[in-house]
Each structure stands twice: as C-alpha cells, then as structure tokens.
Amino acid sequence: MNNMQMKPLSGKELDYIADSLSNENMLIKLYATARSVSANAQISQVIDQHLQVHEQHTHQMIEMLKQHQQMAPTQSH
Amino acid sequence: MMNQQQNQSQGQQMMNESDYLNVILSDLKRTVREYTTATTESACPVVRRMFTDLTNSTLRLQGELFQVMEQNKMYTAPSPAPRQMIDKEIQTAQQDHQQAHQMSQQHGMQSGAFYHQNNVSNHTSNVQNPYT
C-alpha cells in the first residue's frame, strides 16, 4: 500500500490504541518484576531487550495519537 | 527448623522467575491477538500499518521468550504427533483440496469471468529462525 493517506482517527481505533497502551504498560511492569527476581544471565538479557521494545511500542502509539491530533474534529456540543 | 519452615512458607507464597515468565508469555499471546484484531478493525491505512508492525514485533517477542524458556526447561514442549496421524491428515487435506479446486474451476467456467490462477507464490523455506 503506497498511498498511505491519513484518515481521522475513529473512536474504535482510539479505543484499541488506549487498550494497547495499557497492555504495553502491564507488560513493562511484568518484565520489570521478572527482572528483579531473575538469577539467569541469559534471561535477564532477553528481559532487558524486550523491555526496550515495549518502550518503543508505547512511543509509536503516542506518536500516532499526536499525528492524528490536528485532524480530529473539535466537539461542537 | 523454624527457619526452614519460614523459608518454605515464603517459597510457597512468592512467584519465581519461571512463574513470572509464564505470565508474561500468556500476556504476550493475548496482546498479539488484540493487535491482530486492532489491525483488521483499522480504517486509517497509517494506523493499520502501525498495528500490523506491532503485531509482528509482539509475535517476535513471544517466539523469542518461548525459545529462551524452552532452553531453560521452563516450558514443557508438547509431544510429537505420530507419523500415522500426519499421513492421514495429508490424505484428507489433498482430497478436500481437490474438491474445492474442482468447485472453483466449475464456477469459473460457468460464469466465464474467472479462471483458476495460482494465487500463492512458491513456498519459500521456513527453516530459518522464525523469530527474527
């Protein structure tokens, strides 16, 4: 799909982004807890790498919200 | 004796490394499903692309975590399917596919608008690490 024209965010899309942000936050907390009890170097390394990816996921979604901010209609009632 | 009992009861209350990783693995599976649903429900192409990327990225994390857990004996791999069952499955699949194929060809000839065309590209090897 080359023609990636941006459309205003639907309510449904906003809900999915909100749910996904909450999932990512929960995963970050779970990984951090696992990291604190981990005694295995290999696993600790994987946890650190994964934590970074989840941070990126969160940033990606926040950026997406910002991109759509200007296109969103302002409430009229 | 007293200490031992205390340690034991503490050990029962606390989750260990393996428990946490199992919880994370389940949560990654659930998150992948939600990203997939979000992808199919997206109307904006840019949002759809983002959810597609997030699905793939989370699938990679889930696969990687599974591999590490399996290597560290934190996950019992399911037992292999017997050869006989696979043989049977291949036979059924081939028969069913033949039927579906014939049907698609018949319909194509009736309407004249469609004729069968291979819509699946040649199968590439999947023996590389699927989690990268």
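Remember, it's a predicted structure, so these values are computed and weren't measured experimentally.

Chemist: Would you explain the pattern of salt bridges in this entry?
Modeler: Here the idea is simple: oppositely charged side chains can pair when their charged atoms come close. Residue and element names in this part refer to chain B. The tally for this structure, following the rule as stated, stands at seven salt bridges over all chains. One salt bridge in this structure joins Glu34 and Arg30, with 3.1 Å as the shortest N-O distance. In this pair, Glu34 and Arg30 both sit in helix α2 (residues 17–40), four residues apart, roughly one turn of the helix. Its relative accessible area of 24% is what places Glu34 among the partly exposed residues.

Chemist: Can you help me understand the environment of Thr52 of chain B in this one?
Modeler: All names here are of chain B. Positionally, Thr52 belongs in helix α3 (residues 45–71). Judged by relative accessible area, Thr52 falls into the partly exposed class, the value being 29%. Measuring from C-alpha to C-alpha, the distance between Thr52 and Gln106 comes to 36 Å, with 54 residues separating the pair along the chain. A polar side-chain atom of Thr52 sits 2.7 Å from the main-chain carbonyl oxygen of Arg48.

Chemist: How do you make sense of the packing of aromatic side chains when you look at a structure like this?
Modeler: Aromatic ring pairs are defined here through the distance separating the ring centres and the angle between the ring planes. Per the counting criterion, the structure on display carries two aromatic pairs over all chains. The interplanar angle of 80 degrees and the centroid separation of 5.0 Å between the aromatic rings of Phe66 of chain B and Tyr75 of chain B together place this pair among those described as edge-to-face.

Chemist: What am I meant to see in α2 of chain B here?
Modeler: The end-to-end C-alpha distance of α2 of chain B, which contains 24 residues, comes to 35 Å, matching closely the 34 Å that a straight helix rising 1.5 Å per residue would cover. Between the side-chain oxygen of the N-cap and the backbone nitrogen of Ser18 of chain B there are 3.1 Å, and the N-cap of α2 of chain B in question is Asn16 of chain B.

Chemist: Help me understand the nonpolar core, please; the structure alone is not making it clear to me.
Modeler: For soluble globular proteins, the rule of thumb is that nonpolar side chains tend to be buried together. Within the largest apolar cluster, 21 residues are counted, with the highest numbers of intra-cluster contacts made by Tyr31 and Ile47 of chain A together with Leu21, Ile24, Leu28 and Leu65 of chain B. Only α1 (11–37) and α2 (41–69) of chain A together with α2 and α3 of chain B provide two or more residues apiece to this core. In contact with Leu65 of chain B, other than residues within four places in its own chain, are Tyr31 and His50 of chain A together with Leu21, Ile24, Leu25 and Leu28 of chain B.

Chemist: Explain the environment of Asp19 of chain B here, please?
Modeler: Residue and element names in this part refer to chain B. With respect to the secondary-structure elements, Asp19 resides in helix α2. Take Asp19: its relative accessible area is 31%, and that puts it in the partly exposed class. Distance in space between the C-alpha atoms of Asp19 and Met74 is 8.7 Å, their sequence separation being 55 residues.

Calculation rules
Residues numbered from 1 in each chain as written. Chains lettered and ligands numbered in written order. Predicted model: local features only at pLDDT ≥ 70, side-chain atom pairs only at ≥ 80, totals over all residues. Heavy atoms only, no water. Salt bridge = Lys/Arg side-chain N within 4 Å of Asp/Glu carboxyl O. Helix = DSSP H or I, 4+ residues; strand = E, 2+ residues; numbered from the N terminus. Buried < 20%, exposed > 50% of the residue type's maximum accessible area, 1.4 Å probe, protein only. Polar contact = N/O pair within 3.5 Å; in protein donor to acceptor, adjacent residues only side chain to side chain. Phe/Tyr/Trp six-rings, centres within 6.5 Å; stacked < 30°, edge-to-face > 60°. Expected span 1.5 Å × (residues − 1). Core = buried A, V, L, I, M, F, W, Y, C linked by side-chain atoms within 4.5 Å. Contact = heavy atoms within 4.5 Å.

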